[in-house]
Amino acid sequence: MNNFRRVFGDGKPVIAMVHLGALPGAPLHDADAGLDGLVAAARADLAALQAAGVDAVMFGNENDRPYEFDVDRASTATMAFVIGQLRGEITVPFGVNVLWDPHSTVALAAATGAAFCREIFTGTYASDMGPWTPDAGAALRYRDRLGRRDLAMLYNVSAEFADSLDRRPLPDRARSAVFSSIPDAVLVSGQITGEAAEMGDLQAVKAALPEVPVLANTGVKHDTVADVLRIADGCVVGSSLKIDGDTWNPVDAERAADFMARARAARGG
């Protein structure tokens, strides 16, 4: 069975982001708040999201701007520490994403027992961080060496903060990634965090991959979630659930509950 379906069943999951505060070594890290502050903020967001009824959560280091391709070991270790502190409170499947480092993402998933992970695993890009050439073959072999063949691999095929140097249409790149790199699900993104994927892109990728789970990865909002879930097999959401819809704010419990009510209605209950 596809690992994605093993984790999420046949539904259309809403995967909500727990955006950790900037980690030690990152320019925006709050040294005064320290590790206790990171854990406390993540705990509050996790509690609000689970109370709202999200189907899964994903821990990410979106605050570690500017992003890196070879992430500092301290960042991955700190993420593992924070997740470990919260592990007994997590009641839904959880995943991880260490931006933008496939090996660190897989390592973190293995260390914490995550059910899934998200990353840019394929393609070649010109990005804000410089030339970007991930290696899916190395990442999957690393996953297997760590004994995590059950780890669901979610491939983002339209990178944020970047432009693909592969000029094939997005649906062709997505089909090729599925053939060559065996993802468990394919994600379609907008240009930056919190910005929606083009509905036409989402529809075209799903049409090209009718048997593969395809999710909207960024910018899903309260007034678009029903339209998104008519096309996609689920979505990842972060900014829309925050206070004032701002990526960098804490989760707003009322906004999260309202979003999930709309998602449940769109899914038929």
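As annotated in an unreviewed UniProt entry, the chain carries the name BtpA/SgcQ family protein and comes from Pukyongiella litopenaei.

Caption draft 1: Structural view of the overall build of the chain. A count of helical and extended segments in the chain gives 9 helices and 11 strands. A compact globule built from 269 residues would reach a C-alpha radius of gyration of about 18 Å, and the chain, at 17 Å, matches this within 12%. Taking the principal axes of its C-alpha atoms as reference, the chain extends roughly 50 × 40 × 35 Å. Put simply, of all contacts in the chain between residues at least 6 apart along the chain, 70% involve residues at least 24 apart. When the accessible surface of the chain is totalled, it reaches about 11300 Å², and 50% of it is carbon and sulfur. Here the chain holds 25 positive side-chain charges and 35 negative ones, and the gap between their average locations is 7 Å.

Caption draft 2: Representation of the sheet that holds strand β6 (residues 130–132). Taking strand neighbours across the sheet as the criterion, the 3 strands line up as β6-β5-β8 in an open arrangement whose pairing is antiparallel. The open sheet terminates on both sides in strands that have one partner only, identified here as β6 and β8 (162–164). In this sheet, neighbouring strand axes are inclined to one another by 25° on average, regardless of whether the strands run parallel or antiparallel. Pairing analysis gives 3 bridges linking strand β5 (residues 125–127) to β6, with the strands arranged antiparallel. Bridge assignment links Ser 127 to a residue of β6, and that residue is Gly 130.

Caption draft 3: Up close: the state of the cysteines. Considering all chains together, one arrives at 0 disulfides under this definition. Note on Cys 117: no disulfide assigned, nearest cysteine sulfur contributed by Cys 235 at a separation of 18 Å. With a relative accessible area of 0%, Cys 117 lands in the buried category.

Caption draft 4: Focus on the packing of aromatic side chains. Counted according to the given criterion, the structure contains 10 aromatic pairs. On the basis of an interplanar angle of 90° and a centroid distance of 6.3 Å, the ring pair of Tyr 67 and Trp 100 is categorised as edge-to-face. One end of the pair, Tyr 67, is in the loop between β2 (56–60) and α3 (73–86); the other, Trp 100, is in the loop between β3 (94–97) and α4 (102–112), with 33 residues separating them in the sequence. For the pair shown, Tyr 67 and Trp 100 are each scored as buried. A ring pair is formed by Trp 100 and Phe 161, whose centres lie 6.3 Å apart and whose planes are at 70°; its orientation type is edge-to-face. Taken together, the residues Trp 100 in the loop between β3 and α4 and Phe 161 in the loop between β7 (152–156) and β8 connect sequence positions 61 residues apart. Side by side, Trp 100 and Phe 161 carry an identical accessibility label, which is buried. One aromatic cluster in this structure is built from Tyr 67, Phe 69, Trp 100, Tyr 125, Trp 132 and Phe 161. Cation over ring: Arg 65 sits above Trp 248, and NZ or CZ is 3.7 Å from the ring centre.

Caption draft 5: The pattern of salt bridges, seen in detail. Under the criterion given, the structure shown has 12 salt bridges. A salt bridge links Arg 267 to Asp 55; the shortest N-O distance between them is 2.7 Å. Remark: Asp 55 occurs in the loop between α2 (34–52) and β2 and Arg 267 occurs in the segment after α9 (253–266); sequence separation between them is 212 residues. For Arg 267, a relative accessible area of 28% gives the class partly exposed. Salt-bridge contacts for Arg 149 lead to Asp 144; the nearest nitrogen and oxygen are separated by 3.5 Å. Asp 144 gets classed as partly exposed once you look at its relative accessible area, which sits at 27%.

Conventions we followed
- Residues numbered from 1 in each chain as written.
- Predicted model: local features only at pLDDT ≥ 70, side-chain atom pairs only at ≥ 80, totals over all residues.
- Heavy atoms only, no water.
- Helix = DSSP H or I, 4+ residues; strand = E, 2+ residues; numbered from the N terminus.
- Rg over C-alpha atoms; globule rule 2.2 N^0.38 Å.
- Contact = heavy atoms within 4.5 Å.
- Areas by Shrake-Rupley, 256 points an atom, 1.4 Å probe, with all protein chains shown as cover.
- Lys, Arg positive; Asp, Glu negative; His and termini not counted.
- Charge placed at Lys NZ, Arg CZ, Asp CG, Glu CD.
- Pairing = 2+ DSSP bridges.
- Axes fitted to C-alpha atoms, helices over the stretch in contact; angles between N-to-C directions.
- Disulfide = S-S within 2.5 Å.
- Buried < 20%, exposed > 50% of the residue type's maximum accessible area, 1.4 Å probe, protein only.
- Phe/Tyr/Trp six-rings, centres within 6.5 Å; stacked < 30°, edge-to-face > 60°.
- Lys NZ or Arg CZ within 6 Å of the ring centre and 35° of its normal.
- Salt bridge = Lys/Arg side-chain N within 4 Å of Asp/Glu carboxyl O.

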